[in-house]
Structures are given as C-alpha cells and as structure tokens.
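A closer look at the structure
What follows is the residue order along each chain.
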Amino acid sequence: MPTVAVDDIKDDAFLLDVREDDEWRAGHAEGALHIPISEFVARYGELTEAAPQDGRVHVICRSGGRSAQVTMYLVQQGIDAVNVDGGMQVWQATGRPVVTDDGQPGHVL
C-alpha cells in the first residue's frame, strides 16, 4: 500500500481525515477535509469534488489503520492516494499544527 511519512507531506498537500467526529473536534490538521470512515462510502462524492483533479490524496486517521482501509479503496477507484504513516499521533509528535474548528490549538485523542 502506498504510504508517506508525515515529514514528507508539503504544507499545501490535500489531506483527508477519516477519524470520527469526536476525534476531529478535539484537533485536526488545518485545511484537512473531514469524512469519517463510518460515512465514507455515502459521502465519497464530497471527496471527488474537493480533491485536486490530478493531485494526490493523503489519507490520515489516528494511527494509520482506518486510513489504510480508505487508501486501499481509493487506489482501487483509480485515485492517487497514500496512507499517512503513523497518522495524527505522528503528525502531532513531529510538531505539525493541530487545531480545533475555531482555530484554537487542539490535541489528538
């Protein structure tokens, strides 16, 4: 499965967060698109509308398990998708910003 390290993700990369609502509210990467894995198939059209036409989709969850499932699905659909290795736990640990919906500092559940 295609994977990428947090350190290799550019600041302007397209990020898809598939964690559940309570996890998202606690803190997320600024600018990420949020579609919980439990709603992903039903809301798939939101991703295809928001994702860059010929760009890569970086899929992230808490540690990498759920995002791996979504990454595999997206690859099967012909989308250039990669799983973010270590998820939001590594994102936060490496000092990347984690924010709440109102822009305040957040944390990873």
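See the structure shown above.
Attention here is on the structure that accompanies the text. Computed from a predicted structure; not experimentally measured.

**Concerning the sheet that holds strand β2 (residues 14-17)**
Ordered by their spatial adjacency, five strands build an open sheet running β1-β5-β4-β2-β3, and the pairing between neighbours is parallel. Both edges of this open sheet fall to β1 (3-4) and β3 (33-34), since each of them pairs with a single strand only. Of the pairings in the sheet, the one linking β2 to strand β4 (residues 57-60) comprises four bridges and is parallel in character. Residue pairing in the sheet places D17 in a bridge with I60 of β4. Contacts from helix α3 (residues 65-76) reach β2, β4 and β5 (81-84), with the element oriented near 170° to β5.

**Thoughts on the pairing of β2**
Neither face of β2 is exposed, since F14 and L16 on one face and L15 and D17 on the opposite face are all buried. With two bridges joining them, β2 and β3 adopt parallel strand pairing. Within β3, the position partnered with D17 by the bridge is H34. Following the backbone out of β2, through helix α1 (residues 21-26) and into the adjacent parallel β3, one traces a crossover that is right-handed.

Procedures and definitions
- Residues numbered from 1 in each chain as written.
- Predicted model: local features only at pLDDT ≥ 70, side-chain atom pairs only at ≥ 80, totals over all residues.
- Heavy atoms only, no water.
- Pairing = 2+ DSSP bridges.
- Helix = DSSP H or I, 4+ residues; strand = E, 2+ residues; numbered from the N terminus.
- Contact = heavy atoms within 4.5 Å.
- Axes fitted to C-alpha atoms, helices over the stretch in contact; angles between N-to-C directions.
- Buried < 20%, exposed > 50% of the residue type's maximum accessible area, 1.4 Å probe, protein only.
- Right-handed = clockwise from strand over helix to strand, strands pointing away.

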